Amino acid sequence: MATISLIVAFIYVYSDWFDPVKDIATDISASFHWVSGLPGKAEDWADQRFMSRARLKQENDALRSELLVLKRKAQQMASLSAENVHLRQLLNSAHTLADKVLIAELIGVAPDPNIHKVIVNKGEFDGVYAGQALVDASGLMGQVVRVGKLSSEVLLLTDITHALPVQINRNGVRLIAEGVGSLYELVVRHVSNTEDIREGDLLVSSGLGRRFPAGYPVAEVVEVKVNPGKSFARVIARPKAQLNRSRHVLLVFDTPPGKE
Amino acid sequence: MPAASRLWPYLTAVLISFVIAMLVAVWPLPAKFAVFRPELACLLVIYWVMSSPHRMGMRYAWLIGLSQDLIEGYVWGAHAMSLTIIAYICLVSYQRIRSYSIWHQAIWVFVLVGLHQVVCNWVQGLAGYTMSLVSLLVPAVISALLWPLLTLILWRLRRAYLLI
(Lines give C-alpha, C1' and ligand atoms only; values in the text may rest on other atoms or scores of the structure.)
Protein backbone atom coordinates (compact mmCIF):
# COMPACT_ATOMS: atom_id res chain seq x y z
CA MET A 1 0.00 0.00 0.00
CA ALA A 2 2.84 2.36 0.84
CA THR A 3 4.32 1.70 -2.58
CA ILE A 4 1.04 2.55 -4.26
CA SER A 5 0.89 5.80 -2.30
CA LEU A 6 4.41 6.62 -3.41
CA ILE A 7 3.54 5.92 -7.02
CA VAL A 8 0.46 8.10 -6.68
CA ALA A 9 2.54 10.86 -5.12
CA PHE A 10 5.12 10.72 -7.90
CA ILE A 11 2.47 10.76 -10.62
CA TYR A 12 0.80 13.69 -8.86
CA VAL A 13 3.98 15.71 -8.70
CA TYR A 14 5.70 14.84 -11.95
CA SER A 15 2.93 14.28 -14.49
CA ASP A 16 -0.42 15.69 -15.49
CA TRP A 17 -2.32 12.40 -15.62
CA PHE A 18 -4.43 13.31 -12.63
CA ASP A 19 -5.48 16.73 -13.88
CA PRO A 20 -9.13 15.91 -14.74
CA VAL A 21 -9.57 14.16 -11.39
CA LYS A 22 -7.93 17.03 -9.54
CA ASP A 23 -10.69 19.36 -10.71
CA ILE A 24 -13.33 17.06 -9.23
CA ALA A 25 -11.28 16.90 -6.05
CA THR A 26 -11.50 20.68 -5.86
CA ASP A 27 -15.27 20.47 -5.63
CA ILE A 28 -15.19 17.72 -2.99
CA SER A 29 -12.72 19.70 -0.96
CA ALA A 30 -14.73 22.89 -1.39
CA SER A 31 -17.82 21.25 0.08
CA PHE A 32 -15.90 20.41 3.26
CA HIS A 33 -14.52 23.93 3.42
CA TRP A 34 -18.01 25.28 2.93
CA VAL A 35 -19.42 23.25 5.82
CA SER A 36 -16.57 24.23 8.10
CA GLY A 37 -17.25 27.85 7.22
CA LEU A 38 -20.90 27.69 8.25
CA PRO A 39 -20.46 28.79 11.89
CA GLY A 40 -18.59 31.85 10.70
CA LYS A 41 -21.41 32.59 8.26
CA ALA A 42 -24.00 32.20 10.99
CA GLU A 43 -22.06 34.68 13.07
CA ASP A 44 -22.02 37.17 10.19
CA TRP A 45 -25.74 36.67 9.72
CA ALA A 46 -26.49 37.20 13.40
CA ASP A 47 -24.23 40.21 13.38
CA GLN A 48 -26.25 41.77 10.58
CA ARG A 49 -29.62 40.92 12.08
CA PHE A 50 -28.98 42.09 15.58
CA MET A 51 -27.11 45.26 14.81
CA SER A 52 -28.21 48.28 16.78
CA ARG A 53 -29.74 51.23 14.98
CA ALA A 54 -26.99 53.56 16.18
CA ARG A 55 -24.32 51.29 14.78
CA LEU A 56 -26.12 50.94 11.49
CA LYS A 57 -26.42 54.68 11.18
CA GLN A 58 -22.78 55.16 12.02
CA GLU A 59 -21.74 52.59 9.47
CA ASN A 60 -24.04 54.16 6.92
CA ASP A 61 -22.47 57.57 7.47
CA ALA A 62 -18.98 56.16 7.19
CA LEU A 63 -19.85 54.39 3.95
CA ARG A 64 -21.45 57.50 2.55
CA SER A 65 -18.40 59.64 3.14
CA GLU A 66 -16.19 56.93 1.70
CA LEU A 67 -18.43 56.81 -1.35
CA LEU A 68 -18.04 60.57 -1.78
CA VAL A 69 -14.27 60.31 -1.73
CA LEU A 70 -14.27 57.40 -4.17
CA LYS A 71 -16.70 59.21 -6.50
CA ARG A 72 -14.36 62.15 -6.68
CA LYS A 73 -11.55 59.75 -7.58
CA ALA A 74 -13.77 58.12 -10.20
CA GLN A 75 -14.33 61.51 -11.84
CA GLN A 76 -10.60 61.94 -12.16
CA MET A 77 -10.31 58.36 -13.33
CA ALA A 78 -12.73 58.97 -16.19
CA SER A 79 -10.70 61.83 -17.56
CA LEU A 80 -7.44 59.99 -16.93
CA SER A 81 -8.56 56.86 -18.74
CA ALA A 82 -9.77 58.95 -21.66
CA GLU A 83 -6.35 60.57 -21.74
CA ASN A 84 -4.70 57.19 -21.45
CA VAL A 85 -6.65 55.79 -24.39
CA HIS A 86 -5.79 58.89 -26.39
CA LEU A 87 -2.08 58.57 -25.62
CA ARG A 88 -2.12 54.88 -26.43
CA GLN A 89 -3.72 55.64 -29.76
CA LEU A 90 -0.93 58.10 -30.41
CA LEU A 91 1.56 55.35 -29.58
CA ASN A 92 -0.34 52.82 -31.68
CA SER A 93 -0.38 50.29 -28.86
CA ALA A 94 -3.14 47.89 -27.91
CA HIS A 95 -5.76 48.71 -25.33
CA THR A 96 -5.19 47.31 -21.88
CA LEU A 97 -7.65 49.04 -19.61
CA ALA A 98 -11.14 47.77 -18.85
CA ASP A 99 -11.04 44.12 -17.87
CA LYS A 100 -14.24 42.29 -17.07
CA VAL A 101 -14.42 41.05 -13.50
CA LEU A 102 -16.44 38.54 -11.51
CA ILE A 103 -17.03 38.95 -7.80
CA ALA A 104 -16.26 35.80 -5.83
CA GLU A 105 -16.24 34.85 -2.21
CA LEU A 106 -13.50 33.02 -0.40
CA ILE A 107 -14.85 29.80 1.07
CA GLY A 108 -11.73 28.10 2.29
CA VAL A 109 -8.06 28.39 3.02
CA ALA A 110 -5.57 25.53 2.77
CA PRO A 111 -5.24 24.17 6.31
CA ASP A 112 -1.47 23.76 6.15
CA PRO A 113 0.21 27.11 6.90
CA ASN A 114 2.96 26.28 4.39
CA ILE A 115 0.58 26.00 1.47
CA HIS A 116 -0.81 29.32 0.38
CA LYS A 117 -3.93 28.32 -1.48
CA VAL A 118 -7.48 29.50 -1.16
CA ILE A 119 -10.76 28.19 -2.50
CA VAL A 120 -13.30 30.56 -4.03
CA ASN A 121 -16.96 29.90 -4.73
CA LYS A 122 -16.90 30.35 -8.49
CA GLY A 123 -16.07 27.60 -10.95
CA GLU A 124 -16.42 26.36 -14.48
CA PHE A 125 -20.13 27.26 -14.56
CA ASP A 126 -19.22 30.91 -14.05
CA GLY A 127 -16.61 30.82 -16.79
CA VAL A 128 -13.56 30.65 -14.54
CA TYR A 129 -10.47 29.23 -16.27
CA ALA A 130 -7.09 28.03 -15.05
CA GLY A 131 -4.53 30.80 -14.97
CA GLN A 132 -7.08 33.50 -14.26
CA ALA A 133 -5.91 36.30 -12.00
CA LEU A 134 -7.50 36.97 -8.62
CA VAL A 135 -7.38 40.48 -7.16
CA ASP A 136 -8.78 42.11 -4.08
CA ALA A 137 -9.47 45.77 -3.39
CA SER A 138 -5.81 46.64 -3.01
CA GLY A 139 -3.83 44.42 -5.33
CA LEU A 140 -3.13 41.16 -7.09
CA MET A 141 -3.66 38.05 -4.96
CA GLY A 142 -2.87 35.04 -7.09
CA GLN A 143 -3.92 32.82 -9.94
CA VAL A 144 -6.47 30.06 -10.40
CA VAL A 145 -4.80 26.66 -10.58
CA ARG A 146 -7.73 24.25 -10.48
CA VAL A 147 -11.24 24.78 -11.72
CA GLY A 148 -14.06 22.68 -10.34
CA LYS A 149 -17.65 22.91 -11.43
CA LEU A 150 -18.73 25.30 -8.69
CA SER A 151 -15.49 26.29 -7.03
CA SER A 152 -11.87 26.79 -7.86
CA GLU A 153 -8.52 26.69 -6.17
CA VAL A 154 -6.27 29.74 -6.24
CA LEU A 155 -2.52 29.76 -5.66
CA LEU A 156 -1.49 32.92 -3.83
CA LEU A 157 1.51 35.02 -4.86
CA THR A 158 3.31 34.22 -1.65
CA ASP A 159 3.27 30.45 -2.05
CA ILE A 160 6.72 28.98 -2.21
CA THR A 161 6.05 27.56 -5.68
CA HIS A 162 4.85 30.85 -7.15
CA ALA A 163 6.70 33.56 -9.04
CA LEU A 164 5.44 36.32 -11.28
CA PRO A 165 6.89 38.93 -13.60
CA VAL A 166 6.59 42.47 -12.25
CA GLN A 167 7.92 45.88 -13.06
CA ILE A 168 8.69 48.92 -10.98
CA ASN A 169 5.91 51.41 -11.48
CA ARG A 170 8.28 54.38 -11.27
CA ASN A 171 10.70 53.44 -14.03
CA GLY A 172 9.45 50.27 -15.68
CA VAL A 173 12.35 48.01 -14.72
CA ARG A 174 11.28 44.39 -15.21
CA LEU A 175 11.83 41.93 -12.38
CA ILE A 176 10.61 38.62 -11.03
CA ALA A 177 8.89 38.47 -7.63
CA GLU A 178 8.90 35.11 -5.88
CA GLY A 179 6.87 33.83 -2.99
CA VAL A 180 8.83 32.50 -0.03
CA GLY A 181 6.04 31.01 2.05
CA SER A 182 5.36 34.04 4.22
CA LEU A 183 2.13 35.98 3.73
CA TYR A 184 3.91 39.30 4.16
CA GLU A 185 6.93 38.81 1.95
CA LEU A 186 7.87 38.48 -1.67
CA VAL A 187 11.49 38.25 -2.66
CA VAL A 188 12.56 40.00 -5.83
CA ARG A 189 15.20 37.88 -7.53
CA HIS A 190 18.22 38.86 -9.57
CA VAL A 191 18.28 42.57 -8.93
CA SER A 192 21.72 43.81 -9.83
CA ASN A 193 23.48 45.93 -7.24
CA THR A 194 23.30 49.02 -9.39
CA GLU A 195 19.58 48.74 -10.18
CA ASP A 196 17.46 51.81 -9.55
CA ILE A 197 15.14 50.37 -6.92
CA ARG A 198 14.25 52.00 -3.62
CA GLU A 199 12.23 51.27 -0.54
CA GLY A 200 8.65 52.35 -1.17
CA ASP A 201 8.68 51.55 -4.88
CA LEU A 202 5.46 50.03 -6.14
CA LEU A 203 5.76 46.81 -8.11
CA VAL A 204 3.00 46.22 -10.65
CA SER A 205 2.33 43.15 -12.76
CA SER A 206 4.07 43.51 -16.09
CA GLY A 207 1.92 41.18 -18.13
CA LEU A 208 4.96 39.35 -19.42
CA GLY A 209 4.60 35.62 -19.24
CA ARG A 210 1.01 36.10 -20.41
CA ARG A 211 -0.55 34.91 -17.19
CA PHE A 212 -1.44 38.07 -15.32
CA PRO A 213 -3.05 41.16 -16.78
CA ALA A 214 -0.62 44.09 -16.80
CA GLY A 215 -0.80 47.02 -14.45
CA TYR A 216 -2.23 45.56 -11.24
CA PRO A 217 -0.38 46.57 -8.07
CA VAL A 218 1.50 43.59 -6.64
CA ALA A 219 3.77 44.69 -3.83
CA GLU A 220 5.65 47.51 -2.26
CA VAL A 221 9.41 47.30 -1.79
CA VAL A 222 10.21 47.39 1.92
CA GLU A 223 13.87 46.46 2.02
CA VAL A 224 16.79 46.80 -0.35
CA LYS A 225 20.07 45.40 0.90
CA VAL A 226 23.08 45.88 -1.31
CA ASN A 227 25.98 43.67 -0.45
CA PRO A 228 28.94 44.49 -2.71
CA GLY A 229 30.34 41.02 -2.14
CA LYS A 230 27.34 39.39 -3.79
CA SER A 231 26.27 39.63 -7.38
CA PHE A 232 22.67 40.54 -6.62
CA ALA A 233 20.97 42.82 -4.14
CA ARG A 234 18.49 41.37 -1.69
CA VAL A 235 15.10 42.98 -2.23
CA ILE A 236 12.04 42.22 -0.14
CA ALA A 237 8.58 43.47 -0.99
CA ARG A 238 5.31 43.37 0.89
CA PRO A 239 2.25 42.24 -1.07
CA LYS A 240 -0.33 44.97 -1.58
CA ALA A 241 -3.28 42.60 -1.43
CA GLN A 242 -4.54 41.68 2.01
CA LEU A 243 -3.85 38.02 1.55
CA ASN A 244 -5.08 36.86 4.92
CA ARG A 245 -7.99 39.27 5.29
CA SER A 246 -9.90 39.65 2.06
CA ARG A 247 -13.14 37.73 1.91
CA HIS A 248 -14.63 39.20 -1.23
CA VAL A 249 -12.34 39.00 -4.20
CA LEU A 250 -12.46 39.67 -7.92
CA LEU A 251 -11.63 37.27 -10.73
CA VAL A 252 -10.31 39.22 -13.69
CA PHE A 253 -11.29 38.12 -17.18
CA ASP A 254 -8.34 38.84 -19.35
CA THR A 255 -8.04 37.00 -22.64
CA PRO A 256 -7.48 33.37 -21.68
CA PRO A 257 -4.06 32.12 -22.70
CA GLY A 258 -4.07 30.29 -26.01
CA LYS A 259 -7.29 31.93 -27.21
CA GLU A 260 -5.79 35.04 -28.72
CA MET B 1 -15.35 -13.02 14.76
CA PRO B 2 -18.33 -10.83 15.70
CA ALA B 3 -21.62 -11.31 13.94
CA ALA B 4 -21.79 -9.83 10.47
CA SER B 5 -24.90 -7.88 11.39
CA ARG B 6 -22.76 -5.59 13.55
CA LEU B 7 -20.78 -4.51 10.52
CA TRP B 8 -23.01 -1.66 9.36
CA PRO B 9 -23.30 0.23 12.64
CA TYR B 10 -19.54 -0.12 12.98
CA LEU B 11 -18.83 1.21 9.50
CA THR B 12 -21.27 4.08 9.98
CA ALA B 13 -19.57 5.09 13.20
CA VAL B 14 -16.15 4.93 11.56
CA LEU B 15 -17.39 6.96 8.62
CA ILE B 16 -18.96 9.65 10.79
CA SER B 17 -15.84 9.90 12.91
CA PHE B 18 -13.70 10.41 9.83
CA VAL B 19 -16.05 13.01 8.34
CA ILE B 20 -15.66 14.93 11.59
CA ALA B 21 -11.89 14.46 11.35
CA MET B 22 -11.90 15.91 7.83
CA LEU B 23 -13.92 18.90 8.99
CA VAL B 24 -11.42 19.47 11.78
CA ALA B 25 -8.66 19.17 9.20
CA VAL B 26 -10.02 22.05 7.11
CA TRP B 27 -11.57 24.10 9.91
CA PRO B 28 -10.48 27.70 9.36
CA LEU B 29 -7.91 28.72 11.95
CA PRO B 30 -5.84 31.91 12.03
CA ALA B 31 -2.41 31.29 10.47
CA LYS B 32 -0.75 31.73 13.85
CA PHE B 33 -2.72 28.93 15.44
CA ALA B 34 -2.77 26.57 12.50
CA VAL B 35 0.12 24.56 13.99
CA PHE B 36 -2.07 23.67 16.95
CA ARG B 37 -4.49 21.74 14.76
CA PRO B 38 -4.61 18.13 16.02
CA GLU B 39 -4.14 15.35 13.49
CA LEU B 40 -7.51 13.86 14.27
CA ALA B 41 -7.61 11.50 11.28
CA CYS B 42 -4.31 9.95 12.35
CA LEU B 43 -5.55 9.57 15.95
CA LEU B 44 -8.72 7.91 14.73
CA VAL B 45 -6.81 5.48 12.54
CA ILE B 46 -4.68 4.56 15.55
CA TYR B 47 -7.75 4.18 17.72
CA TRP B 48 -9.86 2.14 15.34
CA VAL B 49 -7.01 -0.16 14.36
CA MET B 50 -6.03 -0.76 17.97
CA SER B 51 -9.60 -1.34 19.14
CA SER B 52 -10.79 -3.46 16.23
CA PRO B 53 -7.84 -4.83 14.26
CA HIS B 54 -10.06 -7.51 12.73
CA ARG B 55 -12.03 -4.85 10.88
CA MET B 56 -9.79 -1.86 10.30
CA GLY B 57 -6.66 -2.43 8.33
CA MET B 58 -4.19 -0.83 6.05
CA ARG B 59 -6.61 -0.67 3.14
CA TYR B 60 -9.07 1.48 5.05
CA ALA B 61 -6.23 3.62 6.35
CA TRP B 62 -5.01 4.13 2.81
CA LEU B 63 -8.46 5.19 1.58
CA ILE B 64 -8.89 7.57 4.50
CA GLY B 65 -5.45 9.03 3.89
CA LEU B 66 -6.18 9.54 0.22
CA SER B 67 -9.45 11.31 0.94
CA GLN B 68 -7.66 13.52 3.43
CA ASP B 69 -5.11 14.41 0.76
CA LEU B 70 -7.93 15.28 -1.62
CA ILE B 71 -9.71 17.44 0.89
CA GLU B 72 -6.69 19.19 2.32
CA GLY B 73 -5.10 19.79 -1.06
CA TYR B 74 -1.92 17.92 -0.20
CA VAL B 75 0.18 16.00 -2.67
CA TRP B 76 -1.89 12.87 -3.26
CA GLY B 77 -0.46 9.94 -1.39
CA ALA B 78 1.08 11.90 1.48
CA HIS B 79 -1.48 11.06 4.13
CA ALA B 80 -2.32 7.80 2.36
CA MET B 81 1.23 6.56 2.77
CA SER B 82 1.74 7.77 6.32
CA LEU B 83 -1.59 6.44 7.57
CA THR B 84 -0.87 3.08 5.94
CA ILE B 85 2.44 2.92 7.76
CA ILE B 86 0.77 3.96 11.02
CA ALA B 87 -1.91 1.30 10.54
CA TYR B 88 0.76 -1.32 9.91
CA ILE B 89 2.65 -0.41 13.07
CA CYS B 90 -0.57 -0.48 15.05
CA LEU B 91 -1.55 -3.86 13.57
CA VAL B 92 1.68 -5.50 14.62
CA SER B 93 1.77 -3.89 18.06
CA TYR B 94 -1.82 -3.54 19.25
CA GLN B 95 -1.62 -6.44 21.69
CA ARG B 96 1.20 -4.78 23.58
CA ILE B 97 -0.08 -1.19 23.37
CA ARG B 98 -3.56 -2.07 24.61
CA SER B 99 -2.14 -3.16 27.95
CA TYR B 100 -0.31 0.12 28.55
CA SER B 101 -1.67 2.78 30.85
CA ILE B 102 -3.41 5.69 29.15
CA TRP B 103 -0.51 8.17 29.48
CA HIS B 104 1.94 5.56 28.38
CA GLN B 105 -0.25 5.10 25.31
CA ALA B 106 -0.26 8.87 24.80
CA ILE B 107 3.54 8.86 24.57
CA TRP B 108 3.34 6.10 22.01
CA VAL B 109 0.73 8.12 20.10
CA PHE B 110 3.10 11.08 20.16
CA VAL B 111 5.74 8.95 18.44
CA LEU B 112 3.25 7.68 15.86
CA VAL B 113 1.82 11.11 15.01
CA GLY B 114 5.37 12.46 14.81
CA LEU B 115 6.21 9.71 12.33
CA HIS B 116 3.03 10.57 10.42
CA GLN B 117 4.12 14.21 10.22
CA VAL B 118 7.60 13.27 9.05
CA VAL B 119 6.30 11.02 6.26
CA CYS B 120 3.77 13.66 5.17
CA ASN B 121 6.49 16.27 5.17
CA TRP B 122 8.69 14.07 3.07
CA VAL B 123 6.02 13.48 0.41
CA GLN B 124 5.11 17.17 0.45
CA GLY B 125 8.80 17.86 -0.08
CA LEU B 126 8.46 16.27 -3.53
CA ALA B 127 6.32 19.25 -4.50
CA GLY B 128 8.78 21.73 -3.02
CA TYR B 129 7.11 22.49 0.31
CA THR B 130 9.07 22.29 3.51
CA MET B 131 7.76 22.21 7.05
CA SER B 132 9.39 23.82 10.03
CA LEU B 133 10.33 21.71 13.04
CA VAL B 134 7.59 23.42 15.03
CA SER B 135 4.89 22.38 12.59
CA LEU B 136 6.21 18.83 12.80
CA LEU B 137 6.28 18.59 16.58
CA VAL B 138 3.41 20.73 17.87
CA PRO B 139 0.59 18.76 16.18
CA ALA B 140 2.14 15.57 17.55
CA VAL B 141 2.15 16.96 21.09
CA ILE B 142 -1.42 18.28 20.80
CA SER B 143 -2.64 14.97 19.36
CA ALA B 144 -0.95 13.00 22.15
CA LEU B 145 -2.63 15.21 24.73
CA LEU B 146 -5.97 14.63 23.04
CA TRP B 147 -5.53 10.88 23.09
CA PRO B 148 -6.96 10.18 26.60
CA LEU B 149 -10.03 12.30 25.85
CA LEU B 150 -10.57 10.65 22.49
CA THR B 151 -10.26 7.12 23.86
CA LEU B 152 -12.69 7.96 26.63
CA ILE B 153 -15.33 9.34 24.26
CA LEU B 154 -14.96 6.55 21.71
CA TRP B 155 -14.89 3.85 24.37
CA ARG B 156 -18.18 5.17 25.75
CA LEU B 157 -19.69 5.29 22.27
CA ARG B 158 -18.55 1.78 21.48
CA ARG B 159 -20.04 0.52 24.71
CA ALA B 160 -23.32 2.32 24.15
CA TYR B 161 -23.83 1.23 20.57
CA LEU B 162 -21.97 -2.09 20.71
CA LEU B 163 -19.56 -1.16 17.98
CA ILE B 164 -17.12 -4.00 17.71
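Residues numbered from 1 in each chain as written. Chains lettered and ligands numbered in written order. Predicted model: local features only at pLDDT ≥ 70, side-chain atom pairs only at ≥ 80, totals over all residues. Heavy atoms only, no water.

Observations concerning the overall build of chain B
Note the threshold: The way it works is that DSSP assigns letters per residue, a run of H or I at least four long becomes a helix, a run of E at least two long becomes a strand, and they are numbered from the N terminus. In this setup the radius of gyration rests on C-alpha atoms only. A globule is expected at 2.2 Å times the number of residues raised to 0.38. Three labels apply to residues, based on accessible area from a 1.4 Å probe with only protein chains included: buried if under 20% of the type maximum, exposed if over 50%, partly exposed otherwise in between. Contacts are assigned to residue pairs with any non-hydrogen atoms lying within 4.5 Å of each other. What sets the accessible areas is the Shrake-Rupley method with a 1.4 Å probe; for residues, cover comes only from the shown protein chains.
Within chain B one finds 6 helices and 0 strands. Seen in sequence order, chain B has helices and strands lined up from the N terminus as α-α-α-α-α-α. Over its C-alpha atoms chain B spans a radius of gyration of 15 Å, differing by no more than 12% from the 15 Å that the globule rule assigns to 164 residues. Along the three orthogonal principal directions, the C-alpha set of chain B runs to about 50 × 30 × 30 Å. For chain B, with 164 residues in total, the buried portion stands at 53%. Sequence separation of at least 24 residues holds for 73% of the intrachain contacts in chain B that already meet a minimum separation of 6. Carbon and sulfur atoms form 73% of the exposed surface of chain B, whose accessible area is close to 7,800 Å².

With respect to the confidence of the model for chain B
In plain terms, the rule: What pLDDT expresses is the predictor's confidence in each residue, scored from 0 to 100.
Model confidence for chain B is summarised by a mean pLDDT of 87, while 96% of its residues fall at 70 or above. Put simply, helix α1 (residues 7-26) of chain B is where chain B has its lowest mean pLDDT, 88, and helix α2 (residues 40-51) of chain B is where it has its highest, 92.

Let's talk about α1 of chain B
Rule in force here: Helix span, expected: 1.5 Å multiplied by one less than the number of residues in the helix.
Compared with the 28 Å implied by 1.5 Å per residue over 20 residues, the 29 Å span of α1 of chain B between its first and last C-alpha is a close match. The complete set of buried residues in α1 of chain B reads Y10, A13, V14, S17, F18, A21, M22, L23, A25 and V26 of chain B. Here the buried face of α1 of chain B lies against α2 (19-36) of chain A together with α2 and α3 (58-72) of chain B.

Here we look at the interface of chain B and chain A
The criterion, for reference: Summed over both partners, the accessible surface that disappears when two parts come together, traced with a 1.4 Å probe, is what is meant by buried area. Here, a salt bridge means any Lys or Arg side-chain nitrogen found within 4 Å of an Asp or Glu carboxyl oxygen. Contacts described as polar in this section are N or O atom pairs within 3.5 Å, which, within protein, must combine one atom able to donate a hydrogen with one able to accept it, while residues neighboring in sequence count only if both atoms come from side chains. Gly falls in the polar group here, along with every residue not listed as nonpolar (Ala, Val, Leu, Ile, Met, Phe, Trp, Tyr, Cys, Pro) or charged (Asp, Glu, Lys, Arg).
Listed by partner, the interface residues are 33 residues for chain B and 31 residues for chain A. Interface of chain B and chain A: buried area, both sides summed, is about 2,900 Å²; carbon and sulfur atoms make up 75% of it. Summed over the three residues of chain B that lose the most area to chain A, namely W76, L126 and Y129 of chain B, the buried surface amounts to 26% of that side. The tally of links from chain B across to chain A stands at 0 salt bridges. Here chain B is connected to chain A by 4 residue pairs in polar contact (both at pLDDT 80 or more). Counting only elements with at least two residues in the side of chain B that touches chain A, the list comes to α1, α3, α4 (78-98) and α5 (102-126) of chain B. Counting residues per element, the side of chain B that touches chain A draws most heavily on α3 of chain B, at 6 residues. Residue composition of the side of chain B that touches chain A, by class: 23 nonpolar, 7 polar and 3 charged.

As for the confidence of the model for chain A
Residue and element names in this part refer to chain A. Per-residue confidence for chain A gives a mean pLDDT of 84; residues scoring 70 or more make up 95%. Across chain A, strand β11 (residues 232-239) holds the top mean pLDDT of 93, while helix α1 (residues 2-14) sits lowest at 79. Counting interchain partners and residues more than four positions distant, the pLDDT-below-50 stretch residues 256-260 has 5 contacts.

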